[in-house]
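A look at the structure
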Amino acid sequence: MAAGDVESSLELSLTGSGALPGALPPARSRIFKIIVIGDSNVGKTCLTYRFCAGRFPQRTEATIGVDFRERAVTIDGERIKIQLWDTAGQERFRKSMVQHYYRNVHAVVFVYDMTNMASFQSLPSWIEECKQHLLANDIPRILVGNKCDLRNAIQVPTDLAQKFADTHSMPLFETSAKNPNDNDHVEAIFMTLAHKLKSHKPLMLSQPPDHDEIHIKPEPKPITSCWC
Ligand SMILES: Nc1nc2c(ncn2[C@@H]2O[C@H](COP(=O)(O)OP(=O)(O)OP(=O)(O)O)[C@@H](O)[C@H]2O)c(=O)[nH]1
Ligand SMILES: [Mg+2]
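Everything numeric here is computed off the predicted structure, so don't read it as measured data.

Attention shifts here to the environment of Ala-153. The residue Ala-153 is located in the loop between β6 (141-146) and α6 (158-167) in this model. Separated by 37 residues in the primary sequence, Ala-153 and Asn-116 place their C-alpha atoms 8.5 Å from one another. Non-local contacts of Ala-153, meaning those with residues more than four positions away in its chain, are made with Met-114 and Thr-115.

Below, the structure is given as structure tokens:
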């Protein structure tokens, strides 16, 4: 990614139950709200930061409430904002926010840590939480196994994860937010969702225009194996 590309990213935090960034001037571009959920420490913050800022963050702390990251892209000539909701994995940091996570959501990214079997085993409870918030069945969902750079520590075999993904009709991506060689892969994961959402024409929020955006390549194909 070129240095200038990251200028269109935006980062905001919300840790209480106050107003969400919704009361905005007239629409110019559609917004896709994508929530990223999974156990604490699986790398949700690093993945979203990687996509929006183009690099691995130097350090992270446990997310409290939610962090918003946003990136403007152009798909087939249409300007679109991808708004990532980087949610807290720790129950104590998310309980007051959960209802906000799921409101008007367009897509869900489930993340587990490939080096932590417990984070994979938690996935059914994250799926259940989505169900409880009455997410429509046709909302695009993807499964991401993160930290594939830690090759010697992998605990979750790809075939097991693939079986789980197939059972739940989700594409599986194994990737690394950290490995610089995986930048295109992290890009492909979120852009795959954006392409899917664009073709679904979901309900959109309003957003004021800005002057910088990122032009992206044609639709990438989902990839199930790690590129490390
Ligand atoms: N080796 C490696 N480490 C990673 C990767 N992604 C994240 N990490 C590390 O994993 C730890 C947790 O990352 P975060 O992104 O903060 O995890 P999180 O899922 O946002 O955690 P919560 O905010 O508590 O829910 C940090 O020490 C990161 O540096 C990766 O792809 N590879
Ligand atoms: Mg986090």
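Quick look at the site of ligand 1 now. Taken together, 21 residues sit near ligand 1, with Ser-40, Lys-44, Thr-63, Gly-89 and Asp-149 positioned nearest. Separating an oxygen atom of ligand 1 from a side-chain N or O atom of Thr-45 is a distance of 2.9 Å. Contact between ligand 1 and Asn-146: a nitrogen atom at 3.1 Å from a side-chain N or O atom of the residue. Here ligand 1 has 650 Å² of accessible area as a free molecule, and 86% of this is covered by the chains.

Bringing the coordination of the magnesium ion (ligand 2) into the picture now. Coordination of the magnesium ion (ligand 2) by the protein is provided by Thr-45 (OG1) and Thr-63 (OG1), with metal-donor distances spanning 2.0 Å. Pair noted here: Thr-45 is in helix α1 (residues 44-53) and Thr-63 is in the loop between α1 and β3 (66-75), with a separation of 18 residues, a long-range link. Take Thr-45: its relative accessible area is 14%, and that puts it in the buried class. Residue Thr-63 is classed as buried on the basis of its relative accessible area, which comes to 9%.

Another aspect to go through is the pairing of strand β2 (residues 30-37). Most of β2 sits out of view: eight of its eight residues are buried. Across the two faces of β2 the burial is the same, with Arg-30, Phe-32, Ile-34 and Val-36 and Ile-31, Lys-33, Ile-35 and Ile-37 all buried. As judged from the seven bridges shared by β2 and strand β4 (residues 78-87), these two strands associate in the parallel manner. Across the sheet, Phe-32 pairs through a bridge with Ile-82, a residue of β4. Bridge count for β2 against strand β5 (residues 107-113) is four bridges, and the pairing is parallel. Directly across from Ile-35, in β5, lies its bridge partner Val-108.

So, how was this worked out
- Residues numbered from 1 in each chain as written.
- Chains lettered and ligands numbered in written order.
- Predicted model: local features only at pLDDT ≥ 70, side-chain atom pairs only at ≥ 80, totals over all residues.
- Heavy atoms only, no water.
- Helix = DSSP H or I, 4+ residues; strand = E, 2+ residues; numbered from the N terminus.
- Contact = heavy atoms within 4.5 Å.
- Near = heavy atom within 4 Å.
- Polar contact = N/O pair within 3.5 Å; in protein donor to acceptor, adjacent residues only side chain to side chain.
- Areas by Shrake-Rupley, 256 points an atom, 1.4 Å probe, with all protein chains shown as cover.
- Donors = N, O, S within 2.8 Å, 3.2 Å for Na, K, Ca; no water.
- Buried < 20%, exposed > 50% of the residue type's maximum accessible area, 1.4 Å probe, protein only.
- Pairing = 2+ DSSP bridges.

By themselves, these observations are geometric and do not establish any function.
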